[in-house]
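What the coordinates show
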Amino acid sequence: AQKITQTQPGMFVQEKEAVTLDCTYDTSDPSYGLFWYKQPSSGEMIFLIYQGSYDQQNATEGRYSLNFQKARKSANLVISASQLGDSAMYFCAMREPRGKLIFGQGTELSVKP
Amino acid sequence: DTGVSQDPRHKITKRGQNVTFRCDPISEHNRLYWYRQTLGQGPEFLTYFQNEAQLEKSRLLSDRFSAERPKGSFSTLEIQRTEQGDSAMYLCASSSPKSQGDTQYFGPGTRLLVL
């Protein structure tokens, strides 16, 4: 069965520093997609970044980058130059072939001034 | 380009009552998903539509739950005879195969509290 694991319930980072949020996944499908979403206290899930299983290069979107290590089945999110507004829950998700997303438990990130 | 919208944003109901939630996807997105999220957990898949066809339903979707997407536009999720365990955030998402990775974009959610 497909599974996403986020082992860090909570993380702290100093403003302007970089932080890495861990995500490992398990699947037997050769084709899959990996996503990161941000969920502020308001509750809306905000799409951040996508990595396809066949993509050769790591995805980047502004201050977000995805450290994709296929052999290790990991897809860690790196946020550079943290801002106070980055404080939120972060979810890693994997898309099954039929389309639905499987989410991890989430990591709560707190950015300190 | 407006995002996914959901209505209502909050709903408080008494146990045993029926509730209905609405989701309006991003225009031209032919795929629509419903998820449920309880406190401290990641969202869990409930059901999925491609156009007006309901293609997949989770085992979480008991007989008290029904979802529709008439004409392939907006969708409704109805919960009959609500129970306290139904209290959760109900999230709707839409996607298009034309977008990178078939990325799902979420609405603001409907928070349900069953008393």
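A few points on the structure.

**Looking at the packing of aromatic side chains**
All names here are of chain B. Taken as a whole and judged by the stated rule, the model has 16 aromatic pairs over all chains. Note on tyrosine 35 and phenylalanine 45: the rings are 6.0 Å apart at their centroids and 75° apart in plane angle, and the pair reads as edge-to-face. Of this pair, tyrosine 35 sits in strand E4 (residues 31-37) while phenylalanine 45 sits in strand E5 (residues 44-50); the two residues are 10 residues apart in sequence, bridging distant segments of the chain. An identical accessibility class is assigned to tyrosine 35 and phenylalanine 45; each is buried.

**Some thoughts on the nonpolar core**
Of all hydrophobic cores here, the largest spans 24 residues; its most connected members are Leu34, Trp36, Ile49, Leu77 and Tyr90 of chain A. Secondary structure elements with two or more residues in this core: strand E3 (19-21), strand E5 (33-39), strand E6 (46-52), strand E8 (64-69), strand E9 (74-79), strand E10 (88-95) and strand E12 (107-112) of chain A. Among the elements that take part in this core, E10 of chain A stands out by supplying 4 residues, more than any other. Those residues within four positions of leucine 77 of chain A in sequence are excluded, and the remaining contacts are Val19, Thr20, Leu21, Trp36, Leu48, Ile49, Tyr64, Ser65 and Tyr90 of chain A. Core analysis: the second largest hydrophobic core is formed by 19 residues, Val19, Leu46, Ala67 and Leu112 of chain B among them.

How each quantity is defined
- Residues numbered from 1 in each chain as written.
- Chains lettered and ligands numbered in written order.
- Predicted model: local features only at pLDDT ≥ 70, side-chain atom pairs only at ≥ 80, totals over all residues.
- Heavy atoms only, no water.
- Phe/Tyr/Trp six-rings, centres within 6.5 Å; stacked < 30°, edge-to-face > 60°.
- Helix = DSSP H or I, 4+ residues; strand = E, 2+ residues; numbered from the N terminus.
- Buried < 20%, exposed > 50% of the residue type's maximum accessible area, 1.4 Å probe, protein only.
- Core = buried A, V, L, I, M, F, W, Y, C linked by side-chain atoms within 4.5 Å.
- Contact = heavy atoms within 4.5 Å.

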